[in-house]
Each structure stands twice: as C-alpha cells, then as structure tokens.
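Here's the letter readout for the chains.
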Amino acid sequence: VWSMLEAKNGDIYFGTMNHGIIHYSYVTNQFTTYKNNQDGDKSPNNNIGWSLLEDDKGRIWVGTNRGINVFDPATKRFSYYQHKPKDANSLSSDQANWFYKDSKGRIWICTVDGGLSLYQPQSDSFTNIGALHGLKNNDLQAMVEDNNGLLWLTNTNNITSLNPDTLEMHSY
C-alpha cells in the first residue's frame, strides 16, 4: 500500500504500487479492488496509486505515473487527466505524485518533471507552474499550506514558498 485516504463518509481507499485501488466500504464492511482491465471508464488507467484526495463532490483523485484517475463512487466510473504536450492547459506531467487541497478548496498537484499543476474546475483544465515561473526544480515531492496561506513545496534539492494568489516564490 502506497497511500491511504478516509473519505468523508467513512470509507477508506488504498492506493497500491501494482494492485490497483482498493476501496473499503464502511457500510457493507467489504473490500472492492479496481484494477486496470482495459474496460473503459469502469477501471483505472493503470494499477498504481501514489496519492489520493477526495474533492468537494466526493470523487476520489488518484495520482499515478499515467496521470490522474478520478473515481466517482456514485457511478463507479473513472475519468482521466493526462499530459498532452500540445495543450498548455493539460496536466503538466503524467507523474502525479502528491495532491493538496488548500484552505480555499483549490486542488494542487505536485508532479515529477512537470512542476505544479492547479486544477481549474470551471474550465476542467489546469494552470501549470514550473521553472519558467521561477520554480527551481520541477520534481516536486510534497506540499503544505501555512497559517498565512503560503504553500510550501519540497523536492530533493530545496524548499520553495509560493503565494498561490500572486505566484510569487522564494526558494531556500
């Protein structure tokens, strides 16, 4: 098991390295495994679950090495976000290894090689922040928000503070 998430309804989701997404239902006391089986939107696009996040609609976001899988527990279907090299508003990298929902409800994605992606729900697209914006390293590991609303990003070489409203950054 690589990641875990307790949903608002008490269900628990587990992201694994090669065994798909495992869902434990609090109501039925049963496990369901969702594995890639080439069954369209009824399965994830691969069997890795590096990171998990529940959005305000109760959907479960799964970060993988093939982009993001978004699972809707109500319909039991998946939707997908992937990097498209010719689309500046697509996910910045298919290696989505960390999610963070900030105090304003915005969903941020740390990626390997792509920097940071901010999900834009109104357009169902992403704003990408990387080296061209001043980020010292596009291989991001994790992030948190401090009491002043600054986002703190980590990678293997430094720590960066980011003002999410102005995109002003400072690396340490």
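Everything in this summary refers to the structure shown in the same document.

### Examining the packing of aromatic side chains
Under the counting rule described, the total for this entry stands at 12 aromatic pairs. Between Tyr34 and Phe78, the ring centres sit 5.8 Å apart and the planes meet at 70 degrees, which makes this aromatic pair edge-to-face. With Tyr34 in strand β4 (residues 30-34) and Phe78 in strand β8 (residues 77-81), this pair connects stretches of sequence that are 44 residues apart. One exposure class covers both Tyr34 and Phe78, and it is buried. A connected cluster of aromatic rings, assembled from ring pairs, spans Trp61, Tyr81, Phe99, Tyr119 and Phe126.

### A look at the pairing of strand β11 (residues 116-120)
Counting buried residues along β11, 5 of its 5 residues qualify, which places the element largely inside the surrounding structure. With burial as the criterion, each face of β11 is covered, one bearing Leu116, Leu118 and Gln120 and the other bearing Ser117 and Tyr119. The pairing of strand β10 (residues 107-111) with β11 spans 3 bridges and is antiparallel. Bridge assignment links Ile109 to a residue of β11, and that residue is Ser117. Here β10 folds back onto β11 in antiparallel fashion, the turn holding 4 residues, of which Asp113 has a positive phi close to 75 degrees. Examined bridge by bridge, β11 and strand β12 (residues 125-129) share 5 bridges and lie antiparallel to one another.

### Observations regarding the layout of surface pockets
In this approach a probe as big as a water molecule rolls over the atoms, and the regions it shows empty are the leftover space. Considering only enclosed or pocket space, the largest pocket measures out at about 220 Å³ in volume. Surrounding the largest pocket, 15 residues form its lining, Asp56, Gly105, Ile107, Tyr119 and Pro121 being those nearest its centre. For the lining of the largest pocket, the element with the most residues is β11, which contributes 3 residues.

Reading the values: rules and limits
Residues numbered from 1 in each chain as written. Predicted model: local features only at pLDDT ≥ 70, side-chain atom pairs only at ≥ 80, totals over all residues. Heavy atoms only, no water. Phe/Tyr/Trp six-rings, centres within 6.5 Å; stacked < 30°, edge-to-face > 60°. Helix = DSSP H or I, 4+ residues; strand = E, 2+ residues; numbered from the N terminus. Buried < 20%, exposed > 50% of the residue type's maximum accessible area, 1.4 Å probe, protein only. Pairing = 2+ DSSP bridges. 1 Å grid on protein atoms, 1.4 Å probe; cavity = no way out; pocket = protein on both sides within 12 Å on 5 of 7 lines; lining within 4 Å. Points joined across faces, edges and corners; volume = space filled by probe spheres on them.

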